[in-house]
Amino acid sequence: MDPVQKPLLRALTGEAVWPPPFWLMRQAGRYLPEYRLLRAQAGDFIALCTTPELAAEVTLQPLRRYGMDGAILFSDILMLPWAMGQGLRYAEGEGPLLDPIRDAEGLARLDPAGMGARIAPIMETVARVKAGLEQEAPKTALIGFAGSPFTVACYMVEGRGGGEFMTARRLAYSDPALFGRLIRLLVDTTVEYLLAQAAAGAEALMLFDSWAGLLPPGQFRRWSIEPSAAIVRGIRKVLPDIPLIGFPRLAGPLLPEYALRTGVSTVAMDTGMDPRWAAANVPAEFGLQGNMDPQVLVAGGAAMEAEARSILAAMRGRPFVFNLGHGIVPPTPPEHVAALARLLRMG
C-alpha cells in the first residue's frame, strides 16, 4: 500500500482523519497470553528484544487481535545504553538495573563506536515487522522509537528505574558539564539509532521523554526541549518528511512550547492533560496523540466508553491519533482492548 494512504501517516502529517487512527503504548506486552508464552520461551528480556524472529512476532501479536493503525517496534529505551556497553539486566519485580554512570570515568567507558553491531538484531526486527505488515496488515504503519536523552540519562545515572531519579537530577545541578556531555552523547547516538530504524523500514519515529515532568521549567527547557530539538534537526537533515512524535510526559502547560521548539509533527498527551486545553493551546499545525487513562481500560464498560468519547469529542476536526496517556498495564483484560477498538472504528 502507498504509505501516504495509511491512516496513521495521514494523521501524523497534518490531516484530520476521522475516525481517527489508533494504536496503544505497550500494546504488545504482558496482558496478552501469547506474549507471555514467547517471553517464557526467550528466557531473558534482553534476549527477547534482540532475537529478531521473537521480537517481530511480539510486535505483530496485537495487530492480529485488534487491527491497530500503528505497529510500534517491540524493544526498550535502554537498548541504546546497552548497545554502548553499559551493563544492563532486568530483575523480576525490580525492572531494569544498570551499572551507574556518575563520573567522567564511567562516561569514558561507553563505546558508541561499537553500537552498530549490537543494534543490528533490532534493525533486523524492524525489517521483519515491515515485511510482515506488508503481508498481513498493509494499512498499518510501523513506528520506530527511542527514549529522549533526559529520560535515558536518568536510568544511566541512577542505575535503576522507579522513584524520582534524585541522583540523576542532582547531577544535572551539581555537575551540568558532565551531565551535558552525557546528554550530547545521547543526542548523537539517538539520531544514529532512529535513522537506522528508518532505513530498516520504520515509517514514523517517536521520542519518549517519560520523566520530563520531574523537571522544573528551566531544567525542562534545557534537558528535555533542547536535546529533543537537536534530535529532530539531526533526523530532518536526512529525512525531512518523516513523521516524528514527541511524548514529554507530564509537561503540563509546557506542552505547546515543547511542540513549537522541538519541531515534532505530533505531540503525545499524558493521562493528566486535559485534551480540550491541549486542542485550544497547541497550534493546529501540530497533531495530538493520546490520552486515555490506562486504568479505565482495565475497568472497561461504560466508564471506558465515556472516557473515549470525551477525548474524541475534544479532538474532532484536528489531526489526532487516539492512544493512551501511558502504557497498557498487565491487568488489562484483552477483551476490553477489543471493545475499545470497535468503539474507535465507529468514531
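Being a predicted model, the structure only gives us computed values, none of them experimental. (Residues numbered from 1 in each chain as written. Predicted model: local features only at pLDDT ≥ 70, side-chain atom pairs only at ≥ 80, totals over all residues. Heavy atoms only, no water.)

Looking at the side chain of Thr125
1) Next: When you line up the elements, Thr125 lands in helix α7 (residues 115-136).
2) Next: We classify Thr125 as buried; its relative accessible area is 1%.
3) Next: Residues in contact with Thr125, not counting those within four places in the same chain, are Pro52, Ala55, Ala56 and Leu73. (Helix = DSSP H or I, 4+ residues; strand = E, 2+ residues; numbered from the N terminus. Buried < 20%, exposed > 50% of the residue type's maximum accessible area, 1.4 Å probe, protein only. Contact = heavy atoms within 4.5 Å.)

Examining the sheet that holds strand β4 (residues 141-147)
1) Next: If you walk across this open sheet you meet the seven strands as β1-β4-β5-β6-β7-β8-β9, and the pairing is parallel. This sheet does not close on itself; its edge strands, each paired only once, are β1 (70-72) and β9 (320-324). The mean inter-strand angle of the sheet, taken between neighbouring strand axes irrespective of direction, is 25°.
2) Next: Bridge analysis of β4 against strand β5 (residues 204-209) gives five bridges, and the strand direction is parallel. Bridge pairing in β5 places Gly144 opposite Leu205.
3) Next: Most of the contacts of α7 go to β4, to which it runs at about 155°, and overall it touches β1 and β4. (Pairing = 2+ DSSP bridges. Axes fitted to C-alpha atoms, helices over the stretch in contact; angles between N-to-C directions.)

Section: the UniProt feature "domain: Uroporphyrinogen decarboxylase (URO-D)" (unreviewed entry) in the protein chain
1) Next: This chain's UniProt record puts "domain: Uroporphyrinogen decarboxylase (URO-D)" (unreviewed entry) on residues 143-159.
2) Next: Secondary structure content for residues 143-159 is 59% helix and 29% strand, and the end C-alpha separation is 28 Å. (UniProt positions renumbered as here; feature names shortened; annotations may be inferred.)

Looking at the UniProt feature "binding site: substrate" (unreviewed entry) in the protein chain
1) Next: Residues given the UniProt feature "binding site: substrate" (unreviewed entry) here are Arg26, Gln27, Ala28, Gly29, Arg30, Asp76, Tyr155, Ser210 and His326. For the residues just named, distributed over 301 residues, the greatest C-alpha separation reaches 22.9 Å, placing them at more than one site. Residues from the annotated list that form part of the lining of the largest pocket: Arg26, Gln27, Ala28, Gly29, Arg30, Asp76, Tyr155, Ser210 and His326.
2) Next: On the secondary structure map, Gly29 appears in the loop between α1 (7-12) and α2 (33-42).
3) Next: Not counting residues within four places of it along the chain, the set of residues in contact with Ser210 comprises Thr151, Phe247 and Arg249. (1 Å grid on protein atoms, 1.4 Å probe; cavity = no way out; pocket = protein on both sides within 12 Å on 5 of 7 lines; lining within 4 Å.)

Remarks on the pairing of β5
1) Next: For β5, a buried count of six out of six residues is recorded, marking the element as mostly surrounded by other parts of the structure.
2) Next: Every second residue of β5 is oriented toward a common face, with Ala204, Met206 and Phe208 on one face and Leu205, Leu207 and Asp209 on the other, all of them buried.
3) Next: Across five bridges, the pairing between β5 and strand β6 (residues 244-248) is parallel. Within β6, the position partnered with Met206 by the bridge is Ile245.

Examining helix α11 (residues 217-238)
1) Next: Taking 1.5 Å per residue, 22 residues should reach 32 Å; α11 reaches 31 Å between its end C-alpha atoms and fits that length.
2) Next: At Ile225, α11 shows its largest kink, close to 30°, and the proline Pro227 lies no more than four residues downstream.
3) Next: When we look at burial in α11, the residues that qualify are Gln219, Phe220, Trp223, Ser224, Ile225, Pro227, Ser228, Ala229, Ile231, Val232, Gly234 and Ile235.
4) Next: At its buried positions, α11 is contacted by α8 (149-158), α9 (166-174), α10 (176-200), β5, β6 and α12 (255-262). (Expected span 1.5 Å × (residues − 1). Bend = angle between axes of the 7 residues up to and from the residue.)

Some points on empty space enclosed by the protein
1) Next: Across all of its chains, the model carries two cavities of 30 Å³ or more by this definition.
2) Next: Taken as a whole, the largest cavity encloses approximately 40 Å³ of empty space.
3) Next: Ile101, Asp103, Leu107, Val157, Leu171, Leu178 and Leu182 together form the lining of the largest cavity.
4) Next: Considered class by class, the residues forming the lining of the largest cavity number six nonpolar, no polar and one charged.
5) Next: By volume, the second largest cavity amounts to about 30 Å³.
6) Next: For the second largest cavity, the full set of lining residues is Leu194, Leu205, Met206, Leu207, Ile231, Val232, Ile235, Leu244, Ile245 and Val264.
7) Next: Taken together, the elements giving at least two residues each to the lining of the second largest cavity come down to β5, α11 and β6.
8) Next: Each residue belonging to the lining of the second largest cavity can be placed in one class, and the counts come to 10 nonpolar, no polar and no charged. (Points joined across faces, edges and corners; volume = space filled by probe spheres on them. Nonpolar A, V, L, I, M, F, W, Y, C, P; charged D, E, K, R; others polar.)

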